[in-house]
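Below, each chain spelled out in residue letters.
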Amino acid sequence: MTDKTAPQTNPSDSTSTAGTPASGAGRGFHHLGAHIGFLLAILLLAANMRGSIVGLGPLAEIIGTDLSLSGTQLGLLTTLPVLSFGVLSMFAPRLGQKFGLEATLLTMLLFIAIGQGLRASGAYDIMVVGTIILGAAIAVLNVLTPSLVRRSFPTHVALVTALYTFTMSSGATTAAFIAIPIRNAADGDWRWSLGVWAVFAAIAFICWLPMLRYRHTGPAPAPVTRISLWKNVEAWWLAMFFGCQSLMFYTGTAWVAKVFIDHGISEAEAATLLTLFNVFGIPAAFGAPLIYSKIANKKLAMLVLHIPLIIAIPGFVFATTELPYVWAVCMGLGQGSMISIALTLVGMRGADPQTSARLSGMAQSVGYLFAAIGPVLFGALHDLLGDWQAALYFLFAVVTVQLGAAMRAGSSKKIGAD
């Protein structure tokens, strides 16, 4: 079927103007309607990438009490998605290559609806199965969405990444904000708070069906030397950066409020500080790729984007209660910037969309496995030593390594170009 978004040459000609087989890979759109359609489709994916996971957090204590769960059982429901991201991300590029990006992403939306529906069942064993399905589906979305951005908007990777990261962050914040109100409106039945995200994913699946018009598996690319990313130093710097920023985010989300409370801040104020941490990450996620793309010296760009963390982390470590609102806001700005930049680099640094997908799989596999260790290790250090100081020093060390890795990961050199 002729791709209606392809450049307007001879409609019956199956080759591009360069004389090579036409393919969706590397294409940019020449029609406003196609631009808008694909952009909305990408934003719809982004809205489903975190809400289903984050929406469980505010309900965790209620669910644990209702189902008489141990801390370990409850922890599985929040840890399994991150572990799924780490374990399954490396396999996602093969799915996209075999079945096409559009068909694969559409199928993952269906799996999100199914997985979240099972999580809303109220039976713990079924909730675990649903969590595994949900985590696996989102792992594929995490990896393949940057490749779709690179292929569909090759000259606007930073802008589109900013938009979809902004949408992803907004979805997470919305999920946390509405979870308790929906439960209260449903006479205390928390299953409705989880079920609403299954309905949303099902609606997204229906809305995505027209995207199959543009599906492609594409002819095999011209023979090139296919490097092993696992042996590529530049790819490892990017993976290290992705891992550090992921660890900082998940550790911060899990423990920031608790650290403030144990330092004498009230629960209500600690909740406000955690909200600020999440809310200020939203505009940062949108602005960071645009700032990065405008600064020619990429090492300088990385240093500028790390300024909020350079302010926040030492303050949080050494003067936790002195200026807590400043630390929370700066941590939010810093972490919102970092996830957005990590995804931008995954989309921009691959030599082509196929390499970007493989790079995304590697970086996210390493990154999320590393991130899954963070909250556990942070809590273990506290339990072992009886206070938060060593755990806070651990955060300080991680952000130092992150800055060093970012300086290398931010190179303009294409990975897989040689």
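Please refer to the structure placed before this passage.
Residue numbering note: each chain is counted from 1, following its sequence as written. For this predicted model, a pLDDT threshold of at least 70 governs which residues receive local features, and a threshold of 80 or more governs which side-chain atom pairs are given and counted, while totals over whole chains, interfaces and linings are taken from all residues. Where side-chain values are given, they derive from all heavy atoms of the structure, hydrogens and water being excluded.

Caption draft 1: Focus on the side chain of serine 89. The way it works is that DSSP assigns letters per residue, a run of H or I at least four long becomes a helix, a run of E at least two long becomes a strand, and they are numbered from the N terminus. Among the structural elements, serine 89 can be located in the loop between helix H4 (71-88) and helix H5 (92-99). Only protein chains enter the accessibility calculation, which uses a 1.4 Å probe; a residue is then buried when its area is under 20% of its type maximum, exposed when over 50%, and partly exposed in between. Classification of serine 89 by relative accessible area gives buried; the value is 0%. Any two residues whose heavy atoms approach within 4.5 Å are treated as being in contact. Excluding residues within four positions of it along the chain, serine 89 makes contact with Ser84, Ala139, Val143, Gly361, Gln364 and Ser365.

Caption draft 2: Structural view of unusual backbone geometry. Notably, serine 68 is not glycine yet its phi reads approximately 55°, a positive angle. For serine 68, a relative accessible area of 62% corresponds to the exposed category. With a phi angle near 60°, aspartate 187 is a residue other than glycine that sits in the positive phi range. Looking at where aspartate 187 falls in the secondary structure, it is placed in the loop between helix H8 (157-185) and helix H9 (191-208).

Caption draft 3: The arrangement of a nonpolar patch on the surface in detail. A grouping of Ile291, Leu300, Leu303, Val304, Ile307, Ile310, Ile311, Leu323 and Val326 is seen on the molecular surface, where their side chains present a nonpolar patch of about 700 Å² in accessible area. No other element matches helix H13 (residues 298-318), which puts 6 residues into the nonpolar patch. Residue position: isoleucine 311 is located in helix H13. Among the residues examined, isoleucine 311 registers a relative accessible area of 41% and is labelled partly exposed. What goes into a patch is any residue over 30% in relative accessible area without a salt bridge, connected to like charges within 9 Å or, for nonpolar side chains (Val, Leu, Ile, Met, Phe, Trp, Tyr), within 5 Å. Here the accessible surface of atoms and residues is derived via Shrake-Rupley with a 1.4 Å probe, and residues count as covered only by protein chains that are part of the display. For salt bridges, the criterion is a side-chain nitrogen of Lys or Arg within 4 Å of an Asp or Glu carboxyl oxygen.

Caption draft 4: Region of interest: the environment of phenylalanine 166. Relative to the assigned elements, phenylalanine 166 resides in helix H8. With relative accessibility at 33%, the residue phenylalanine 166 sits in the partly exposed group. Once residues lying within four places of it in the same chain are set aside, the contact partners of phenylalanine 166 are Ile282, Ala285 and Phe286.

Caption draft 5: Seen up close, the nonpolar core. Among buried residues, the Ala, Val, Leu, Ile, Met, Phe, Trp, Tyr and Cys ones that are joined through side-chain atoms within 4.5 Å form a nonpolar core. Ranked by size, the top nonpolar core spans 97 residues in total, and within it Trp208, Phe241 and Phe316 carry the most contacts. It is helix H10 (residues 233-262) that provides the largest number of residues to this core, a total of 13 residues. When neighbours within four sequence positions are excluded, tryptophan 208 is seen to be in contact with Ala41, Leu44, Leu45, Glu102, Leu105, Leu106, Leu109 and Leu148.

Caption draft 6: Local environment of the packing of aromatic side chains. For Phe, Tyr and Trp, where Trp contributes only its six-membered ring, two rings pair if their centres lie within 6.5 Å, and the inter-plane angle classes them as stacked under 30 degrees, edge-to-face over 60, or tilted in between. Throughout the structure, instances matching the rule amount to 12 aromatic pairs. Ring centres of phenylalanine 166 and phenylalanine 286 lie 5.9 Å apart, and the angle between their planes is 75°; this geometry places the pair in the edge-to-face category. Residue phenylalanine 166 is found in helix H8, and its partner phenylalanine 286 is found in helix H12 (residues 281-294); the two are separated by 120 residues along the sequence. Residue class for phenylalanine 286 comes out partly exposed when judged on its relative accessible area of 29%. Taking 5.2 Å as the distance between ring centres and 80° as the angle between the ring planes, the aromatic pair formed by phenylalanine 249 and tyrosine 250 counts as edge-to-face. By relative accessible area, phenylalanine 249 is classed as partly exposed at 31%. The rings of Phe85, Phe242, Phe249, Tyr250, Phe277 and Tyr368 are connected pair by pair, giving a single aromatic cluster. Taking NZ or CZ as reference, lysine 298 lies 4.4 Å from the ring centre of tyrosine 292, over its face. We call a charge positioned above a ring when the Lys NZ or Arg CZ atom is no farther than 6 Å from the ring centre and deviates by at most 35 degrees from the ring normal.

Caption draft 7: Examining helix H15 (residues 353-385) more closely. Residue count minus one, scaled by 1.5 Å, sets the expected span of a helix. Spanning 33 residues, H15 covers 47 Å between terminal C-alpha atoms, matching the ideal 48 Å at 1.5 Å per step. Immediately downstream of H15, the backbone of glycine 386 shows phi near 85°, a positive value.

Caption draft 8: Representation of empty space enclosed by the protein. A cavity, in this analysis, means grid points on a 1 Å lattice covering only the protein atoms where a 1.4 Å probe fits yet has no way out; a pocket is instead an open set bounded by protein on both sides within 12 Å along at least five of seven lines, and a residue lines either one if it has an atom within 4 Å of a point. Grid points are joined across faces, edges and corners, and a volume is the space filled by probe spheres set on the points. Per the stated rule, a full pass over the model turns up 2 cavities of 30 Å³ or more. If you add up the space inside the largest cavity, you get close to 50 Å³. Around the largest cavity, the lining residues are Met248, Gly252, Phe277, Ile313, Met331, Gln335 and Leu395. Contributions of two or more residues to the lining of the largest cavity are made by H10 and helix H14 (324-349). Gly counts as polar in this scheme, as do all residues outside two lists: the nonpolar Ala, Val, Leu, Ile, Met, Phe, Trp, Tyr, Cys and Pro, and the charged Asp, Glu, Lys and Arg. Residue composition of the lining of the largest cavity, by class: 5 nonpolar, 2 polar and no charged.

Caption draft 9: A look at the environment of methionine 240. Secondary-structure assignment places methionine 240 in helix H10. We classify methionine 240 as partly exposed; its relative accessible area is 36%. Each C-alpha atom, one on methionine 240 and one on valine 366, is 7.6 Å from the other, the two residues being 126 residues apart in sequence. Setting aside chain neighbours within four positions, we find methionine 240 in contact with Val401 and Ala405.

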